[in-house]
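Coordinate analysis (summary)
Listed here are the chains, written in short residue letters.
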Amino acid sequence: EPEVTQTPSHQVTQMGQEVILRCVPISNHLYFYWYRQILGQKVEFLVSFYNNEISEKSEIFDDQFSVERPDGSNFTLKIRSTKLEDSAMYFCASSGLAAYNEQFFGPGTRLTVL
Amino acid sequence: AQRVTQPEKLLSVFKGAPVELKCNYSYSGSPELFWYVQYSRQRLQLLLRHISRESIKGFTADLNKGETSFHLKKPFAQEEDSAMYYCALKRGGSNYKLTFGKGTLLTVNP
């Protein structure tokens, strides 16, 4: 069964550094999402992406964040200058075109900012 | 604004006992409600959604618009049901964001 994959599984970085989190959505899916979960808190929506542009974003998704689909398979989340409070589990998800399609989640990348 | 409340952070039951995980929501439009489950060291996966009205792994959930609730129930809990359960809401009709509750950690004791 096809799955969403994410790399790396764990990323440690210094405050102020740029990080890129990578996701490979399910191949025939057209909607892509990033969510994050700070330890002990709820899973929060960051951004959704469709047809090569952002379709929805949350207040968390400020100018420090960007998303890109650089080729036909990868979907990336870039954080330009990481802060301590960016430490979280970041989940990628993808879904098909139909309105009632399920969002399939990746295993997550744990980002630790020191 | 969309909001999902799961009042219980932890729920512990014995095998064979009934289980109910509570979920209340706040949304002015027509929502779609979901239950996602995360077993230990595994990814979030959809358990069930209100529009399909089916029973998955013995779990059911009924959307009660009057009480704005979508509680998850199972008459006889099994040890393999131990997991983190998240209630989630989405605006109906398209591929919009999911809004999650904080989750309930269910432990089923032997």
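Keep in mind that this is a model prediction, so the values were computed, not measured. (Residues numbered from 1 in each chain as written. Chains lettered and ligands numbered in written order. Predicted model: local features only at pLDDT ≥ 70, side-chain atom pairs only at ≥ 80, totals over all residues. Heavy atoms only, no water.)

Attention now moves to the state of the cysteines. Residues and elements named next belong to chain A. Using the criterion set out here, one finds 2 disulfides over all chains in the structure. For C23, the disulfide goes to C92, at an S-S distance of 1.9 Å. With the S-S dihedral at roughly -65 degrees, the linkage between C23 and C92 falls on the left-handed side. Highlighted residues: C23 in strand 3 (residues 19-24) and C92 in strand 9 (residues 88-95), separated in sequence by 69 residues. Considered together, C23 and C92 belong to a single accessibility category, that of buried residues. (Disulfide = S-S within 2.5 Å. Helix = DSSP H or I, 4+ residues; strand = E, 2+ residues; numbered from the N terminus. Buried < 20%, exposed > 50% of the residue type's maximum accessible area, 1.4 Å probe, protein only.)

Right, let's get into the pairing of strand 5 (residues 31-38) of chain B. All names here are of chain B. Within strand 5, 8 of the 8 residues are buried, which leaves the element mostly enclosed by the surrounding structure. Side chains of strand 5 alternate between two faces, with P31, L33, W35 and V37 and E32, F34, Y36 and Q38 buried alike. Relative to strand 9 (residues 83-91), strand 5 runs antiparallel, the two sharing 8 bridges. Directly across from V37, in strand 9, lies its bridge partner Y85. (Pairing = 2+ DSSP bridges.)

Residues and elements named next belong to chain A. Spatially, 1-3-8-7 is the arrangement adopted by the 4 strands of the open sheet, whose pairing is antiparallel. Looking along the sheet, the strands with just one partner apiece sit at the ends: strand 1 (5-7) and strand 7 (65-68). Put simply, the sheet's adjacent strands are angled 20 degrees from each other on average, direction ignored. Summarising the sheet, strand 1 and strand 3 pair through 3 bridges and their orientation is antiparallel. Its bridge partner lying in strand 3, Q6 is registered against C23. (Axes fitted to C-alpha atoms, helices over the stretch in contact; angles between N-to-C directions.)

Gaps between atoms show up when a probe of the same size as a water molecule is rolled over them. Empty space within the largest pocket amounts to approximately 500 Å³. Contributions of two or more residues to the lining of the largest pocket are made by strand 9 of chain A together with strand 9 of chain B. Residue contributions to the lining of the largest pocket peak at 3 residues, all from strand 9 of chain B. (1 Å grid on protein atoms, 1.4 Å probe; cavity = no way out; pocket = protein on both sides within 12 Å on 5 of 7 lines; lining within 4 Å. Points joined across faces, edges and corners; volume = space filled by probe spheres on them.)

Residues and elements named next belong to chain B. Taken together, the 3 strands give an open sheet; going across it, the order is 3-8-7, and neighbouring strands pair in antiparallel fashion. Of all strands in the sheet, those with a lone pairing partner are strand 3 (19-21) and strand 7 (60-61), marking the two edges. Relative to strand 8 (residues 72-74), strand 7 runs antiparallel, the two being bridged by 2 bridges. When the sheet's bridge partners are listed, A61 is paired in strand 8 with L72.

For the rest of this paragraph, the subject is the packing of aromatic side chains. Scanning all chains against the criterion turns up 15 aromatic pairs over all chains. Both rings, one in Y35 of chain A and one in F100 of chain B, keep their centres 5.8 Å apart while their planes meet at 85 degrees; by these two values the pair is edge-to-face. Here Y35 of chain A is found in strand 4 (residues 31-37), whereas its partner F100 of chain B is found in strand 10 (residues 98-100) on a different chain. Feature note: the residues Y33, Y35, F45 and F105 of chain A together with F34, Y36, Y86 and F100 of chain B constitute an aromatic cluster, connected by ring pairs. Over the ring of Y96 of chain B we find R91 of chain B; its NZ or CZ atom is 4.2 Å from the centre of that ring. (Phe/Tyr/Trp six-rings, centres within 6.5 Å; stacked < 30°, edge-to-face > 60°. Lys NZ or Arg CZ within 6 Å of the ring centre and 35° of its normal.)

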